[in-house]
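Structural characterization, general
Chain by chain, the residues run as shown.
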Amino acid sequence: MTLPLAGWYRDPEDGALLRWWTGAEWSDQRRTAEPMPVPPPAYYPERGESGETDGTIDAFATVEMTVMKNGTLTIIEASVADYELDSNGDWIGF
């Protein structure tokens, strides 16, 4: 059986916390989980009079995540094209 890499994951005993996984077992180290900022609304390509698009859609968002065997999902990093997070954690278009 392959175990997840060492890192911070949702605490299986308290979903509001992160807990350090050593790569073999849970440690006693815990910290508060930071909420993920809400991304801007999804982008939809413009449609012509017939309702069709030109068939091209560029990548809009990327997400790197870890999914534990018990179904716990941890977002490691997220980015959205043409947006960045400001110091308040809000998405700002540029």
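Below, the structure is looked at part by part. (Residues numbered from 1 in each chain as written. Predicted model: local features only at pLDDT ≥ 70, side-chain atom pairs only at ≥ 80, totals over all residues. Heavy atoms only, no water.)

1. A look at the pairing of strand E2 (residues 14–21)
Put simply, the rule reads: At least two DSSP bridges between two strands are required for those strands to pair. By definition, any uninterrupted DSSP run of H or I lasting at least four residues is a helix, any uninterrupted run of E lasting at least two residues is a strand, and each is numbered from the N terminus.
In terms of strand pairing, strand E1 (residues 7–11) meets E2 through five bridges, oriented antiparallel. What sits directly across from Asp-11, in E2, is Asp-14. Taken together, E1 and the strand that follows it, E2, pair antiparallel across an intervening segment of two residues. Pairing of E2 with strand E3 (residues 26–32) involves four bridges; the strand directions are antiparallel. Counted as the bridge partner of Trp-21 is Trp-26 from E3. Connecting the antiparallel pair E2 and E3 is a turn made up of four residues, with Gly-23 showing a positive phi of about 105 degrees.

2. Points about the environment of Ser-27
Heads up, the rule is: Only heavy atoms matter for contacts: two residues are in contact if any of them lie within 4.5 Å across the pair.
Looking at the secondary structure, you find Ser-27 in strand E3. In this structure, Ser-27 is in contact with Arg-19, Trp-20 and Thr-22, ignoring residues within four places of it in sequence.

3. Digging into the pattern of salt bridges
In plain terms, the rule: We define a salt bridge as a side-chain nitrogen of Lys or Arg found within 4 Å of a carboxyl oxygen belonging to Asp or Glu. A simple rule labels every residue: compare its accessible area, found with a 1.4 Å probe on the protein chains alone, to the largest value its type can have, and call it buried under 20%, exposed over 50%, or partly exposed in between.
In this structure the tally under the stated criterion is four salt bridges. Between Arg-19 and Asp-11 there is a salt bridge, with its nearest N and O atoms 3.7 Å apart. Judged on exposure class, the residue Arg-19 and its partner Asp-11 are both buried. For Arg-30, the salt bridge is made with Glu-13, and the minimal N-O distance between the two is 3.1 Å. With Arg-30 in strand E3 and Glu-13 in the loop between E1 and E2, this pair connects stretches of sequence that are 17 residues apart. Judged by relative accessible area, Arg-30 falls into the partly exposed class, the value being 36%. The exposure class assigned to Glu-13 is exposed, which follows from its relative accessible area of 62%. Overlapping salt bridges bring together Asp-11, Glu-13, Arg-19 and Arg-30 as one network.

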